[in-house]
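Structural features, examined
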There are 6 protein chains.
Amino acid sequence: MRPSERLADVLRPVTLETKVNRYAEGSCLVTFGHTKVLVTASLDEGVPPFLRGKGQGWVTAEYGMLPRATHTRGRREAAQGKQSGRTQEIQRLIGRSMRAVVDLKALGERQISIDCDVLQADGGTRTAAITGAWVALRLATRYMLDEGLITKDPILDQVAAISCGVFEGVPVLDLEYEEDSNAEADANFVLTGSGDIVEIQATGEKRGFTRAEFETLFDLARKGIGELVELQKAAVG
Amino acid sequence: MRPSERLADVLRPVTLETKVNRYAEGSCLVTFGHTKVLVTASLDEGVPPFLRGKGQGWVTAEYGMLPRATHTRGRREAAQGKQSGRTQEIQRLIGRSMRAVVDLKALGERQISIDCDVLQADGGTRTAAITGAWVALRLATRYMLDEGLITKDPILDQVAAISCGVFEGVPVLDLEYEEDSNAEADANFVLTGSGDIVEIQATGEKRGFTRAEFETLFDLARKGIGELVELQKAAVG
Amino acid sequence: MRPSERLADVLRPVTLETKVNRYAEGSCLVTFGHTKVLVTASLDEGVPPFLRGKGQGWVTAEYGMLPRATHTRGRREAAQGKQSGRTQEIQRLIGRSMRAVVDLKALGERQISIDCDVLQADGGTRTAAITGAWVALRLATRYMLDEGLITKDPILDQVAAISCGVFEGVPVLDLEYEEDSNAEADANFVLTGSGDIVEIQATGEKRGFTRAEFETLFDLARKGIGELVELQKAAVG
Amino acid sequence: MRPSERLADVLRPVTLETKVNRYAEGSCLVTFGHTKVLVTASLDEGVPPFLRGKGQGWVTAEYGMLPRATHTRGRREAAQGKQSGRTQEIQRLIGRSMRAVVDLKALGERQISIDCDVLQADGGTRTAAITGAWVALRLATRYMLDEGLITKDPILDQVAAISCGVFEGVPVLDLEYEEDSNAEADANFVLTGSGDIVEIQATGEKRGFTRAEFETLFDLARKGIGELVELQKAAVG
Amino acid sequence: MRPSERLADVLRPVTLETKVNRYAEGSCLVTFGHTKVLVTASLDEGVPPFLRGKGQGWVTAEYGMLPRATHTRGRREAAQGKQSGRTQEIQRLIGRSMRAVVDLKALGERQISIDCDVLQADGGTRTAAITGAWVALRLATRYMLDEGLITKDPILDQVAAISCGVFEGVPVLDLEYEEDSNAEADANFVLTGSGDIVEIQATGEKRGFTRAEFETLFDLARKGIGELVELQKAAVG
Amino acid sequence: MRPSERLADVLRPVTLETKVNRYAEGSCLVTFGHTKVLVTASLDEGVPPFLRGKGQGWVTAEYGMLPRATHTRGRREAAQGKQSGRTQEIQRLIGRSMRAVVDLKALGERQISIDCDVLQADGGTRTAAITGAWVALRLATRYMLDEGLITKDPILDQVAAISCGVFEGVPVLDLEYEEDSNAEADANFVLTGSGDIVEIQATGEKRGFTRAEFETLFDLARKGIGELVELQKAAVG
């Protein structure tokens, strides 16, 4: 039995609230159960130096956790003077995931910066962030179309993410913290709306795991992401 | 006429929502109009090195702004590798303000860390943070009393804060961003529930200002803080 | 009785020695009793990026303390790799105070950098720094006028600063370290030559303090700053 | 046709030279074609703070690239003052991969630090590093057994890694730089000697990729890692 | 002809003023012409971690330059967040030079920190710093003897330093800035009171220089240091 | 008797292997006994900001040590976030030594970056690095000539380096670690092919040393560098 009494293939309640920031071109407060991530998409004219003059745009992401997002207070990264390896790993993943479904040329020489700040964490913050980031990105690009900044829709597909893992020997969908911290193996799947693979990160936490287990996790992820994709559609109208 | 059409001595709508974080010993989401600050109070056993063995506790504060809390996206301090001078100035102010109304000996050798994270900014983030921080601190110390960690209430008084300024020649209460960025002078007042001065920071932004103007600002602040203190009382029950 | 046997409204001996650095466009060694601050004003062609092309200049300040300026040796900020929050707070204050009395447009696109380095500290380093900084700034702008770099005097008024505080229940002027570290409340006042308020920073160190006490401190400050303004006049000839 | 004229399922020439450092408890110079990584395993008495007194050891890894390991010189991370997100991601991966096959309790309260320094890079540096790291770790733990520091062999299994990717529409094994930088998708597989999954990191670089493509990459990886595991066995004798 | 019209073997006017800081156990304001360095020696109980429990003390040094010590303002190292390579090189040299003439065991487990801050620079700041540092160190150790903290004098010998160089083809003693920045070669000599070599750093700035030239510089240095040693003796009484 | 049984004036076996990096314009693996340093010379179009538009080039150097280059593992500088004072001192020395024998104007506005990474250390890493750096620099400039990037050879002379020291009272050539860490005095000599002095750094480690001892060390160095210069010639063909 899972701590939340969910069945193995059931997501936590997921909400995607839009327009939660009055300044950002796109924004979304995403919750997966007790996990809450505030996402904003900010449009900047101009691109990073390595892209100047290349006639294309860029999408990048930053990730942070409020110090008391977790059971015990963590140190504030700004006060420590650097972002942890975990933070950098996650924000790089979010950025790659968004760029996989964006036609960068259609953006023109502009950058969209996605900020994902975890207000409360209960497992799955990176997958919630990706799922909400697509919503914020969709709204920001719609703003660009509406304002006439661009004429071609740069969004090629949806993208969403979910974690799966082997908990007490059973493959389960959408790990919450108590499961995540005790899982024998876990995997984060980032898939497009059409089901293609954007990114898979699978780790045997306590032991190596078998290919058969991995395939079961993959099946769970496809089911979960199918549901997330519908929720995204509803959120962006 | 003020941009918000408020009279000179009228606060923006203020809300103090408590228990907004499921892990923190005390928490408060404070809004002053469009300014929103999420405050948590976290209890740690132990004190900083300079207090070890002195039989007293400590209260400290950290402050941060989400990158898109503002009209244009600011750089993330964690990514830049340091907190700005402004950030440090504000978090030092919040910490001093809380310590002014806490009996540190009554805490025992424990630290309460107040985190104030600005989700959206429209002027007055430091005064909103102080006002909400007291609520979070009150809840955290009540938790300590309820759990039997301490037996004597360490809270000596309430503390709240408000900004005032001279906008288009008129002294006004509770500046929003549009006023703040054009004020000729502004002042932040931190007062106790009984009306004593904890901290005053007054600055002539565009010109020096007269003592008479300063006294008018002080009167406005006392009125505003009187109202905030009542709202705090209601919030903590 | 004050440790120095001064009356409540008496300044320490103050000296303002000019031309103490052979390279700087303006310089001043300021002493308030045992507090000694070496101030230089350095002229640079060009302004910071945020002002480029705006047809105005800038005045900025940096502050530092030699490691053994104090009773016990402090750590060298350059070796620690960052400036403390206190240092940043003070240097921001000095910069704002100078800009309050300078016509930045009259400088042209030039920056004056004020460096305030504390050789020995006995309380009141920030107020001594401000008082001396004005002298160095006055000399540097006179140099600019003499050299024909500018034709209009950019100095609009004098500015000086003093600390006051409540020590053993008595409001006193110009706190030295022994008083400062035991004061119940203290306040730094930065006023123009004509008596207007540039900046007030008042803090209840051990308790909140009353408005009546604050008004007495303000009166002391005006008296003290009146004397400092005369000394500045004499120093710049 | 691949740039190297290899068939799709053929590894580059791989060498694992041991005892290349006269001080380290274990060492290995691993080459995959033109990719060369120098790996040392260093034994330290003591464990990181979070493990003290828990009766177990730790294995950690650090990764670096010499500035001119690549076609154009990169900046030295020590001179820049921080490790890139990519570096941190890779060294965290190497550490997890090693810990997956080590009985940490059998180490006692000791740490083995694996240093992987890339002397020359031509794609696949992280997989070469993992493959060589196991060899260095095996030698260091054998040293511990030989010296009588431990009595039970802490190595539970072998671990090796390889990259695969879709290059010009064809799934291929062991990408070199020219392939890697143009791959439509790539995946790094870390498997145990018995074929279980330790870690999978798969990324659609230019487009999402299908599950069928992923399964083909997985098959290639198992073949390649099978060969690497034999080479490791030969290297450690 | 030298810019200062000095003969080749003549020092600039040198002064060593003691007790210039009211807190430091030893202090000295040293001037070599227009070069002015403020030196303090601070006694701390305790030693750095690598010496704990070894029954000996330590002498260390830090060096800094005020931003406007030079013709054009340099950046403040504390603001930049790190000490330059030049600064570190110099402070390491000062520390080694002092330790060469101190019996570290006689200090007990105590550290003396020498701070050398350049108020004004006109060439030769490191050699002035060393010469003044010995004076401050002598006074600090005398304080320790006087206070009964130690019973055996830890000072084994004097140490002083001077620069020499080849300027316009002529070997000269004690380079000032104008000579230093145009010298074909220069050398810093640190010698004991008895004439032994503590440290030599010789550099061909514009060309290699011959052994014969080097020997002439060495002779000049011995003469100059002989004079400095007498001035040190007079300064410490 | 020296630990290696070498006579006092005998170098360790020295090798200079070229073309050890397939990307660098020049490269050399230099060994002095067990000391191994990998050197690359990398050509960049463009010069540092302080030289732009001056019609000359630049040669700079960076130095690093792999963490387990030494008997006990040292901390990785990239992970610590800064280069030690020792590292900076050495890389500044290498850069100056190379520039002493290069006609910077003949390079055009280009920079050559020399990277010296110590794979294994047994004393004398800086002198090995300098000796190998010249070889890499020679190859890189020959590449520039061959490619027609420049027409005039910028190399004015050879440069090589060796350490000498007083070990157990006897002046000896080319200290290995065991000697170096116990030497009473040591000196690093950097000389040109024609025997002129580029740099001398001499330090009394345990005591001051006499001028006579210094002269003996100088004689040893000239002998050793004479041999190194021949090896360099052979290496570059």
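Details of the structure are given in the entry above.
Residues numbered from 1 in each chain as written. Chains lettered and ligands numbered in written order. Predicted model: local features only at pLDDT ≥ 70, side-chain atom pairs only at ≥ 80, totals over all residues. Heavy atoms only, no water.

In terms of helices and strands, chain A carries five helices and nine strands. Taking 18 Å as the expected radius of gyration for a compact globule of 237 residues, we find that chain A reaches 18 Å, a close match to that expectation. The principal-axis extent of the C-alpha atoms belonging to chain A is close to 55 × 40 × 30 Å. Burial status across chain A gives 63% buried among its 237 residues. For chain A, long-range pairs separated by at least 24 residues make up 70% of all intrachain contacts whose partners lie at least 6 apart in sequence. Split by element, the accessible area of chain A, about 8,600 Å² in all, is 50% carbon and sulfur. Between the averaged position of the 29 positive side-chain charges in chain A and that of its 34 negative side-chain charges there is a distance of 5 Å. (Helix = DSSP H or I, 4+ residues; strand = E, 2+ residues; numbered from the N terminus. Rg over C-alpha atoms; globule rule 2.2 N^0.38 Å. Buried < 20%, exposed > 50% of the residue type's maximum accessible area, 1.4 Å probe, protein only. Contact = heavy atoms within 4.5 Å. Areas by Shrake-Rupley, 256 points an atom, 1.4 Å probe, with all protein chains shown as cover. Lys, Arg positive; Asp, Glu negative; His and termini not counted. Charge placed at Lys NZ, Arg CZ, Asp CG, Glu CD.)

It is worth spelling out unusual backbone geometry at this point. One non-glycine residue, D174 of chain A, lies in positive phi territory at about 60 degrees. Counting through the fold element by element, D174 of chain A comes out in the loop between β7 (170–173) and α4 (177–180). Unusually for a residue other than glycine, E168 of chain B sits at a positive phi of about 50 degrees. Topologically, E168 of chain B is positioned in the loop between β6 (159–167) and β7 (170–173).

What follows covers the relation of the copies chain F and chain E. You can overlay chain F on chain E at an RMSD of 0.0 Å; the transform is a turn of 180 degrees with a shift of 0.0 Å along its axis. Taken together, the rotation and translation describe the operation of a two-fold axis. Ranked by how close their C-alpha atoms come to the rotation axis, the residues of chain F are headed by Q201 of chain F, at 2.3 Å. Comparing contact sets, 100% of the residues at the interface of chain F also lie at the interface in chain E, consistent with an isologous, same-surface contact. (Least-squares fit on C-alpha atoms with pLDDT ≥ 70 in both.)

Our focus in this paragraph is the arrangement of the chains. With no contact between them, chain C and chain D keep their nearest C-alpha atoms 11 Å apart. At no point do chain A and chain E touch; the closest pair of C-alpha atoms across them sits 11 Å apart.

A word on the relation of the copies chain A and chain B. When chain A is fitted to chain B, the best match, at an RMSD of 0.0 Å, comes from turning it 180 degrees and sliding it 0.0 Å along the axis. Residue by residue, 100% of the interface of chain A is reproduced at the interface of chain B, so both copies engage with the same surface.

All names here are of chain E. Relative orientation of the contacting elements helix α3 (residues 125–146) and helix α5 (residues 211–236) amounts to 30 degrees, with a least axis distance of 10 Å. Every pair of crossing elements has a handedness; the one defined by α3 and α5 is right-handed. Contacts between α3 and α5 involve T131, W134, V135, R138, L139 and R142 on the former and, on the latter, L228, Q232, A235 and V236. Taken together, the residues that form the contact of α3 with α5 break down as six nonpolar, two polar and two charged. (Axes fitted to C-alpha atoms, helices over the stretch in contact; angles between N-to-C directions. Left-handed = near helix turned anticlockwise from the far one by under 90°. Nonpolar A, V, L, I, M, F, W, Y, C, P; charged D, E, K, R; others polar.)

Turning to the interface of chain F and chain E, a few remarks are in order. Taken together, the contacts link 27 residues of chain F with 27 residues of chain E. In total, about 2,400 Å² of surface goes out of reach between chain F and chain E, with carbon and sulfur atoms giving 43% of it. When the buried surface of chain F facing chain E is broken down by residue, E89, I197 and R211 of chain F rank first, second and third, together holding 27% of it. At the surface where chain F touches chain E, the tally comes to six salt bridges. Counting across the interface, chain F meets chain E through 16 residue pairs in polar contact (both at pLDDT 80 or more). For the side of chain F that touches chain E, the elements supplying multiple residues, two or more each, are α2 (85–99), β9 (197–204) and α5 (211–236) of chain F. The greatest single-element share of the side of chain F that touches chain E, amounting to eight residues, is contributed by β9 of chain F. Classifying every residue of the side of chain F that touches chain E gives seven nonpolar, nine polar and 11 charged. In this sheet, β9 of chain F lies alongside strand β9 (residues 197–204) of chain E in antiparallel orientation, the contact comprising five bridges. Across the sheet, the residue bridging to I200 of chain E is A202 of chain F, located in β9 of chain F. (Buried area = accessible area lost by both parts, 1.4 Å probe. Salt bridge = Lys/Arg side-chain N within 4 Å of Asp/Glu carboxyl O. Polar contact = N/O pair within 3.5 Å; in protein donor to acceptor, adjacent residues only side chain to side chain. Pairing = 2+ DSSP bridges.)

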